[in-house]
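# Commentary on secondary and tertiary structure
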Amino acid sequence: MHCVRNLTEDTYWIGASDRRLALFENIFPIPRGVSYNSYVILDEKTVLLDTVDTAVSKQFFENLAYVLDGRNLDYLVINHMEPDHASMIEEVRLRYPDVTLVTTSKTVQIMKQFFGSADNDHVMLMKEGDVLSAGKHELHFVAAPMVHWPEVTVAYDSCTKALFSADAFGTFGALGGYIFNDEIDFDRDWLDDARRYYTNIVGKYGVQVQNVLKKADGLDIQMICPLHGPVWRNNLGYILDKYQKWSTYEPEEKGVVIAYASMYGNTANAADVLACRLAEAGVKNIRVYDVSNTHVSVLISEIFHYSHLVLAAPTYNSGIYPIMANLLEDMKALNVQNRTVGIMENGTWAATSGKQMRAKLEEMKNMTILDEKVTIKSALWEEPSGLVKRLAEDLC
C-alpha cells in the first residue's frame, strides 16, 4: 500500500521512514529512527527527485508506482550521491529503462565508483544556472559543494517556489504520517535532533553553508524539501535563522556546558560543585555531561548550542584522559569556534591534562580560554574549591 503526501497539486512526497536503524552512518545513535525523503513532480514530463536507502525501498517503489499511475518516468534528478539517497538509482533504471538521469559530471564520476558504470546515453549533465523544464515546472540548479559532499546540488522549482535542498535543513527522526513542519511541534520535539544532525554531519562546512544561504537569499522560496525530516511550508525564517547561527558558529543561547571525564568520581564531584556555584550566580542554562557515558554527537550538539564550555579531565598516562581527548579531536574536526572555555584538571602526582587541553583548544579558531584554571590533586578540598568559585565568576 502507498504512503504518499501532496506538497502541492502536482508535487508529491513519496519517502519512507526507518525506525529499525540504530546508528546513522553507523556512528550516530538515532533512537527515533530517520526518514528518507523523495519527491515526484507530475507535469508534461514526470520528474523524480532523489531516491532512498535500500532499507525502505519496498515502500518507496509502491509510492512511486502509485503516483505515476501507469505513466513513464522521464527524469530522475540526483542532487546527492550519498548511498542513503542514491541506493535505488540502478533499480529505478531497471524498472524505468527510458528514464534520463539529470545530474552533474561530478555525480556521474561518483556513481561509477559505486555502481561500476554509468549509461551516458541516458544522462543529462547540469551545472549551476541550468534549467530543466518539465512543462510549467522549471527546475533551476544551484551548486552546493561540500554541503556536505562535493557533488551536491539543490534544485529550485520556480512554479511552486519549492527548494529541494538535498541534506541541507534535514534532521534525524522518523516521520509518522505528518510530513510538514506545521503539523508538529518542531521546537519541542525536533530541534534537538535537527541541531545534532547539522552539527555532526554538516558542522565542519560552515563557510560552504553560508555560500548556499547567500544564493538562496536571492530566490523566492516558499517551501523547503530536505532529504531527511519535515518539509518546511511556513515559518521558514525559523529554520533559516538556526542555519545562520550554526553555520557562523554563533551560540543559540547563553549557557554553560560542563563536560567532564572522571575515573573514580572526584573530577565528577568538582564538575557538580562548579555547576552549583554557577546556579548560585544566576546562570539559567547549565548542562553537565559525563563524556564517558554521553555520545559525542550529543556533546558536539550542546557545544554548538551554548556560549560557554568547561572541560574537566584527569591526567592519564601523562596525557589527557582518552575520552576527553577524543572529544577535543571531534571539536577541532567539526570546526567548533567562538566559545569561551574554562579548564579543570586532576592529577594525583602530575596534573598535566589542563595544559594539554589548552594546547588543543588553541588549535581551534576564535576560542577564548579563561586564565583561571582549576587544578585538583586527587580530590576537591578547600583551597581548590576557592578556585572553582573564581572559575564560576569568570564564566559569569
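Reference entry: report on the structure contained in this document. (Residues numbered from 1 in each chain as written. Predicted model: local features only at pLDDT ≥ 70, side-chain atom pairs only at ≥ 80, totals over all residues. Heavy atoms only, no water.)

### So, the pattern of salt bridges
For clarity, the threshold we go by: Salt bridge, as used here, is a side-chain nitrogen of Lys or Arg placed within 4 Å of a carboxyl oxygen of Asp or Glu. Each helix corresponds to a stretch of at least 4 residues labelled H or I by DSSP, and each strand to a stretch of at least 2 residues labelled E; elements are numbered beginning at the N terminus. Burial classes follow relative accessibility: with a 1.4 Å probe on protein chains only, a residue under 20% of its type's maximum area counts as buried, one over 50% as exposed, and anything between as partly exposed.
Applying the stated criterion across every chain yields a total of 23 salt bridges. Its salt-bridge partner being D10, residue K136 comes within 3.5 Å of it at the nearest N-O pair. Here K136 is found in the loop between strand 12 (131–133) and strand 13 (138–143), whereas its partner D10 is found in the loop between strand 1 (5–8) and strand 2 (11–13), with 126 residues between them in sequence. Between R287 and E302 there is a salt bridge, with its nearest N and O atoms 3.9 Å apart. Placement of the pair is R287 in strand 18 (residues 286–290) and E302 in helix 10 (residues 296–305), with a sequence separation of 15 residues. Under the relative-accessibility criterion, E302 is labelled buried at 9%. In the salt-bridge network here, residues are joined through shared partners; they are D192, R195, K242 and E252.

### What to know about the packing of aromatic side chains
The condition is simple: Between the rings of Phe, Tyr and Trp (Trp by its six-membered ring), a pair exists once the centres lie within 6.5 Å; its type follows the angle of the planes, with under 30 degrees stacked, over 60 edge-to-face, and the other angles tilted. Lysine and arginine charges are scored as sitting over a ring when NZ or CZ, respectively, is within 6 Å of the ring centre and within 35 degrees of the ring normal.
Throughout the structure, instances matching the rule amount to 16 aromatic pairs. Of the aromatic side chains, those joined through ring pairs into one cluster are F24, F28, F172 and Y197. Just above the ring of F61 sits the side chain of R95; from NZ or CZ to the centre is 3.9 Å.

### With respect to the side chain of T199
Relative to the helices and strands, T199 is located in helix 6 (residues 191–202). Residue class for T199 comes out buried when judged on its relative accessible area of 0%.

### Considering helix 6
As a reminder, the rule being used: In this analysis, the expected span of each helix is defined as 1.5 Å times one less than the number of residues it contains.
For helix 6, built from 12 residues, the straight-helix expectation of 16 Å at 1.5 Å per residue is met to within 8% by its first-to-last C-alpha distance of 15 Å. Residues L191, D193, A194, R195, R196, Y197, Y198, T199, N200, I201 and V202 constitute the buried set of helix 6.

### Description of the sheet that holds strand 15 (residues 162–164)
Which entries qualify depends on this criterion: If DSSP finds at least two bridges between two strands, the strands pair. Note on method: axes are straight lines fitted to C-alpha atoms, helices fitted across the in-contact stretch only, with angles between N-to-C directions ranging 0 to 180 degrees.
Across the sheet, which stays open at both edges, the 5 strands sit in the order 12-13-14-15-16 with mixed pairing between neighbours. Where the open sheet ends on each side, the last strands, each with one partner, are strand 12 and strand 16 (223–225). Taken pair by pair, the neighbouring strands of this sheet meet at an average axis angle of 20°, ignoring direction. Here 3 bridges tie strand 12 to strand 13, and the two strands are oriented antiparallel to one another. Pairing of S133 across the sheet is with E138, part of strand 13.

### Examining the pairing of strand 8 (residues 46–49)
Sheet faces and side chains relate simply in a regular strand, where the side chains alternate between the two faces. Stated precisely, the cut-off is as follows: Think of it like this: strands point away, you trace from the first strand over the helix to the second, and a clockwise trace means the crossover is right-handed.
Every second residue of strand 8 is oriented toward a common face, with T46 and L48 on one face and V47 and L49 on the other, all of them buried. Looking at chain direction, strand 7 (residues 39–42) and strand 8 are connected through 4 bridges and run antiparallel. Directly across from Y39, in strand 8, lies its bridge partner L49. Count of turn residues in the strand 7/strand 8 antiparallel hairpin: 3 residues. Both strand 8 and strand 9 (residues 75–77) contribute to a ladder of 3 bridges, which runs parallel. By the bridge assignment for strand 9, L49 is matched with V77. Once the chain exits strand 8 it traverses helix 1 (residues 57–68) before rejoining the sheet at strand 9, and the crossover so formed is right-handed.

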